[in-house]
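Structural overview for review
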Amino acid sequence: MEKKEYAQLNEVFYQETLANGLQVTLLPKADYHKTYGLFTTNYGSIDNEFIPLGQTEFVHVPDGIAHFLEHKLFEKEEGDVFQTFGKQGASANAFTSFTHTSYLFSSTEQVYKNLETLINFVQEPYFTKETVEKEKGIIGQEIQMYQDDPNWRLFFGIINNLYPEHPLHIDIAGTEASIAEITAEDLYLCYTTFYHPSNMHLLVVGNLEPEAMMTFIRENQAKKAFAPAQKIERRFPKETSIVKESQIKMSVNRAKAVIGIKGLTEVPSDSAEAVRYKFALQLLLELLFGNTSQNYLQLYDEGIIDDSFGYELNMERNFYFGDISSDTSQPEQFAQAIIQMLTSYETSAELTEEKVALLKKKRIGSFLHSLNSLEYMANQFSQNQAGEITLFDHLPILESLQLADIQQAAQKFIKEEAISKFYMYPNDEK
Amino acid sequence: MKRELTTGVNLHIIPTKKYKTTRISIRFSTPLKKETVTKRALLSSLMETNSLNYSDQVKVSEALAELYGASFGITVTKKGNRHYFSISLSVVDDQYISLDQAILTKAVAFLQEIIFAPNRSELGFDAETFTREKQNLQEYIASIFDDKQTYASLELQKLYFSDSSDQSVPSFGTLEDLEKETPASISTYYDEMIKNDLVDILVIGDVEETELRALFEKFPLAARNDLDKKTLFYHQSVKQTCHTKIDVQPVVQSKLNIGYATSTYYYQEDYFPLVVFNGLFGGFPHSKLFMNVREKESMAYYASSSVDTFRGYMSVQTGIEGKNREKVLRLVEEQLVSLQQGNITAEELTQTKAMLKNHYLMSLDSAAAVVEKEYVKNQLPETAISDEEWQKRVEQVTIQAVKKVAGKIQMQAVYFMEGAGN
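Residues numbered from 1 in each chain as written. Chains lettered and ligands numbered in written order. Predicted model: local features only at pLDDT ≥ 70, side-chain atom pairs only at ≥ 80, totals over all residues. Heavy atoms only, no water.

**Observations concerning the overall build of chain A**
Tallying secondary structure elements over chain A gives 15 helices and 16 strands in all. Relative to a compact globule of 430 residues, whose C-alpha radius of gyration would be 22 Å, chain A shows 23 Å and is just as compact. Dimensions of chain A, computed from the C-alpha atoms along their principal axes, are close to 65 × 55 × 40 Å. Counting all 430 residues of chain A, 60% fall into the buried class. Within chain A, contacts between residues separated by at least 24 positions form 80% of all contacts whose residues are at least 6 apart in sequence. On chain A, roughly 17000 Å² of surface is accessible, and the fraction owed to carbon and sulfur atoms is 49%. (Helix = DSSP H or I, 4+ residues; strand = E, 2+ residues; numbered from the N terminus. Rg over C-alpha atoms; globule rule 2.2 N^0.38 Å. Buried < 20%, exposed > 50% of the residue type's maximum accessible area, 1.4 Å probe, protein only. Contact = heavy atoms within 4.5 Å. Areas by Shrake-Rupley, 256 points an atom, 1.4 Å probe, with all protein chains shown as cover.)

**Looking at the interface of chain B and chain A**
Interfaces are often described in size by the accessible area the parts lose on coming together. Taken together, the contact pairs 59 residues of chain B with 55 residues of chain A. Buried surface at the junction of chain B and chain A, both sides included, amounts to about 5200 Å², of which 53% is carbon and sulfur. Considering only the side of chain B, the residues that lose the most area to chain A are B:Lys20, B:Tyr96 and B:Tyr301, jointly responsible for 13% of the buried surface there. Our enumeration of links across chain B and chain A arrives at five salt bridges. The closest approach of N and O atoms between B:Glu66 and A:Lys361, which form a salt bridge, is 2.4 Å. (Buried area = accessible area lost by both parts, 1.4 Å probe. Salt bridge = Lys/Arg side-chain N within 4 Å of Asp/Glu carboxyl O.)

**Some details on the sheet that holds strand 14 (residues 310–316) of chain A**
Residues and elements named next belong to chain A. Across the sheet, five strands lie side by side as 12-16-13-15-14; this open sheet has mixed pairing. Bordering the open sheet on either side are strand 12 (245–250) and strand 14, each of which pairs with just one other strand. Geometrically, the sheet is characterised by an average inter-axis angle of 20° between neighbouring strands, direction not taken into account. As paired strands, strand 13 (residues 256–262) and strand 16 (residues 419–426) are joined by six bridges and run antiparallel to one another. Each residue of the ladder has a partner; that of Gly260, found in strand 16, is Ser420. Packing of helix 9 (residues 271–289) onto the sheet brings it into contact with strand 14 and strand 15 (319–327), and relative to strand 14 it is tilted by some 170°. (Pairing = 2+ DSSP bridges. Axes fitted to C-alpha atoms, helices over the stretch in contact; angles between N-to-C directions.)

**Looking at helix 15 (residues 403–413) of chain A**
Along an α-helix, residues three or four apart share an orientation, since each turn contains 3.6 residues. All names here are of chain A. Among all positions of helix 15, only Leu403, Asp405, Ile406, Ala409, Ala410 and Phe413 are buried. Take helix 15 and look down its axis: the buried residues cluster within an arc of 155°, on one side only. Buried positions along helix 15 lie against strand 13, helix 9, strand 14, strand 15, helix 12 (353–370) and helix 14 (394–400). (Arc of directions from axis to C-beta.)

**Quick look at the packing of helix 9 of chain A against helix 15 of chain A**
Residues and elements named next belong to chain A. Viewed as axis vectors pointing N to C, helix 9 and helix 15 meet at an angle of 90°, and their least axial separation amounts to 9 Å. Between helix 9 and helix 15, the crossing angle belongs to the class labelled roughly perpendicular. Contacts from Arg276, Tyr277, Ala280, Leu281, Leu283, Leu284 and Leu287 of helix 9 reach helix 15 at Asp405, Ile406, Ala409, Ala410, Lys412 and Phe413. Of the residues assigned to the contact of helix 9 with helix 15, the class counts are 10 nonpolar, no polar and three charged. (Parallel < 35°, antiparallel > 145°, perpendicular 65-115°, else oblique. Nonpolar A, V, L, I, M, F, W, Y, C, P; charged D, E, K, R; others polar.)

**Some thoughts on unusual backbone geometry**
Residues and elements named next belong to chain B. In this structure, Tyr68 takes a positive phi of about 55° despite not being glycine. Looking at where Tyr68 falls in the secondary structure, it is placed in the loop between helix 2 (57–66) and strand 4 (71–79). On the basis of relative accessibility, which here comes to 5%, the residue Tyr68 falls in the buried class. We note that Tyr267 has phi near 60°; this positive angle belongs to a residue other than glycine. Its place among the elements puts Tyr267 in the loop between strand 10 (254–261) and helix 10 (271–283). For Tyr267, a relative accessible area of 13% puts it in the buried group.

**Section: the domain arrangement of chain B**
All names here are of chain B. Along its sequence, chain B is organised into domain 1 (2–216) and domain 2 (243–419). Domain 1 and domain 2 are separated by 30 Å when their C-alpha centres are compared. Interface area for domain 1 against domain 2, summed over the two sides, is near 2800 Å², with a carbon-plus-sulfur share of 64%. Three residues stand out in domain 1 for area buried against domain 2, namely Leu156, Leu159 and Tyr160, and they jointly supply 24% of the buried area on that side. Here domain 1 and domain 2 share four salt bridges between them. One salt bridge in this structure joins Asp365 and Lys18, with 2.6 Å as the shortest N-O distance. Our count for the domain 1 to domain 2 interface comes out at 12 residue pairs in polar contact (both at pLDDT 80 or more). Only strand 2 (9–15), strand 3 (21–31), strand 4, helix 5 (148–160) and strand 8 (198–205) provide two or more residues apiece to the side of domain 1 that touches domain 2. Looking at the side of domain 1 that touches domain 2 residue by residue, the class counts come to 12 nonpolar, nine polar and nine charged. (Domains from an automatic or database assignment. Polar contact = N/O pair within 3.5 Å; in protein donor to acceptor, adjacent residues only side chain to side chain.)

**So, the packing of helix 1 (residues 34–49) of chain B against helix 8 (residues 183–196) of chain B**
All names here are of chain B. At their nearest, the axes of helix 1 and helix 8 sit 10 Å apart, and the two run at 95° to each other. The angle between helix 1 and helix 8 places the two elements in the roughly perpendicular class. Packed against helix 1, whose contacting residues are Thr36, Lys39, Arg40, Leu42, Leu43, Leu46 and Met47, the element helix 8 presents Ser185, Ile186, Tyr189, Tyr190 and Met193 at the interface. Looking at the contact of helix 1 with helix 8 residue by residue, the classes come out as eight nonpolar, two polar and two charged.

**Topic: the nonpolar core**
Grouped together as the largest cluster of nonpolar side chains are 188 residues, with contacts concentrated most on A:Phe392, B:Ile26, B:Phe28, B:Phe110, B:Phe216, B:Phe219 and B:Phe277. Residue contributions to this core peak at 11 residues, all from helix 9 of chain A. Ignoring any residue separated from it by four or fewer positions in sequence, one finds B:Phe110 in contact with B:Tyr54, B:Val60, B:Ala63, B:Leu64, B:Leu67, B:Phe72 and B:Leu89. Judged by nonpolar contacts, the second largest core, of 50 residues, contains A:Val24, A:Leu187, A:Cys190 and A:Leu208. (Core = buried A, V, L, I, M, F, W, Y, C linked by side-chain atoms within 4.5 Å.)

As structure tokens, then:
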């Protein structure tokens, strides 16, 4: 077990990769009442084409299967795992993203018992024809609910433009048609491949004693048998050019617009360099569109944007993109203004040493703020692969960023052919 | 600890080394009245946007960035018969920043500017800011229509509290009232609020009393009295009939929301049994609503209940297929009846209590929740019990007590939003 101390932050964590390949991170926080356990697999909605463990040919599985699997893991022959956690005084939850699936509990008592339940339920699948069929109704409802959410539709609208072929454009939960095809055999196939310990990360944060807890986890894993680890081969469709513009109508009061920008340059393979590139792009967006920019003030004053205005950089395994969106009564003017601000970054008055210094302060502060949240820390850590830098290494990277780094990152990112527009207009009838 | 700065203005300090930040919350509180709710909502937007010396939002944002990305916001909320106007600021503790000192002093100076130097002249609030913020609030209120879950719960609230125009108004106001406001009317109201509202300043972090007192004593707040002695709790008579409203909207998923009178109030008689009741009924994933409506019958994507113990109110919210309305209504009713009959296993009871304790202890990790608890403790001294005592009282709730409180619960209103497809 390796211990890493961060004196400036007054934080410490312990890490070990177990014999079966499972990565374990323990993060003690003595003052807190709660303990979080987070068990994450590096497997999400985009991983729909891969070579199954022990086989040699690629298979293609139905869309939405990672999310379906997440739902089904909670159901066991003897009942629902939520109930087990409940009896042990814990709350449990799970979520599926494009690239990860996480299971978590939080509790203030019976931490070891809950931790054992977490590990065991994730590592003991139980899928039958009957239980799979029953779940289709519940997930169908969930898909419908997302379909009614204008902001969700807006987000997927722009992703659809940026990634017309890549499975990223498919709703994480799939479609009612795609989930209808899912069988128990499909679930086992995905499970054995992606839930192998070598593809997973177990993290506990809270009031814990690291030695004892690591021993407990080691012993739990030693009792179980897994096939030898194998590097997972995933395949994604060939990237095509993007759709430059599209639109839909929905039952909304006010129109919405979003500008997407697709990362076409590869992210550095070194994890510190990748984080550096990501921070540079985040600072770039904040310099151009943040609430300390003249651009923002101008758009706000002209009534083109309101408080719903936002921008985000999404960077995960295999893809990255930025999106800038707002509710607006002038969607076309919004799009034009944002694209103009993006593409003229080289001459922009927003990119100065002084502003970079100010926004670095802001970022350092929000980094420290985020360390109050065990959830945030757990989620950040769980995305890490062994050997990569962690959340606690972010501060020096942030402090070292210069205007030149941001300009270089902008050059790699902002390209006219990478930009797309998506509009949502109100339905005519109300 | 609580220190009176002047009559009606109190400073509360909660010292702890747990966080890397200090959180300051300044709350102006007044009786909840329909005539002032919208004014306060608009005022919160104006004061959050700019001030006399930070004349545009960018200047405000820069000041916050300078304070190492302090998070700042003004929110309007309500509780029982009170309306709250709360200014909150969270700022990193100096000790984690090598280059800077006295961030807390600068943060309090920032708050002083925001609260006591609004962007106005003799004519009222700055016209340009006013027009824009008024429009933004109009759009925000209109946009609630797009958020169907929230919209459904507000419609139910309107139906349930139809006796009281004060209670049926959302904390952010109404479009009709907003229409009447002018830069001058809000300026007049600002003076009233600063002069008359009760003020509580709550600080949590690694802080010292002497330092804080010195900082906040500079605030120009005169003594004030709370003229309205009405209790914090809102009471309304229980009706023998049930109000129903049905809307048709072009959405895929229908919403069925039901309102009940509980006749049970925060830390008053039957309070702990009610909390346990809600946990059994619809507060958790193991609750009857979730298990029997969503899971066993696959009748809903979500089905849960929540209680508002400052108004003796409980609501059930579900997302369903339109054709199942009657069936879901019946299923929900069956779950309530089953609790009224005391149909509770020892296991359900143990589990619910364990979950409640877990949630309670977890809330103690959140600075905002601890601050809120401290505030309420000052309004209602009976809530000042230790964490052990709280757990003990939950533990002591019997099936008999749950039966009794469940028996008091009566359906009063049903709101149904029928999805007519997309």
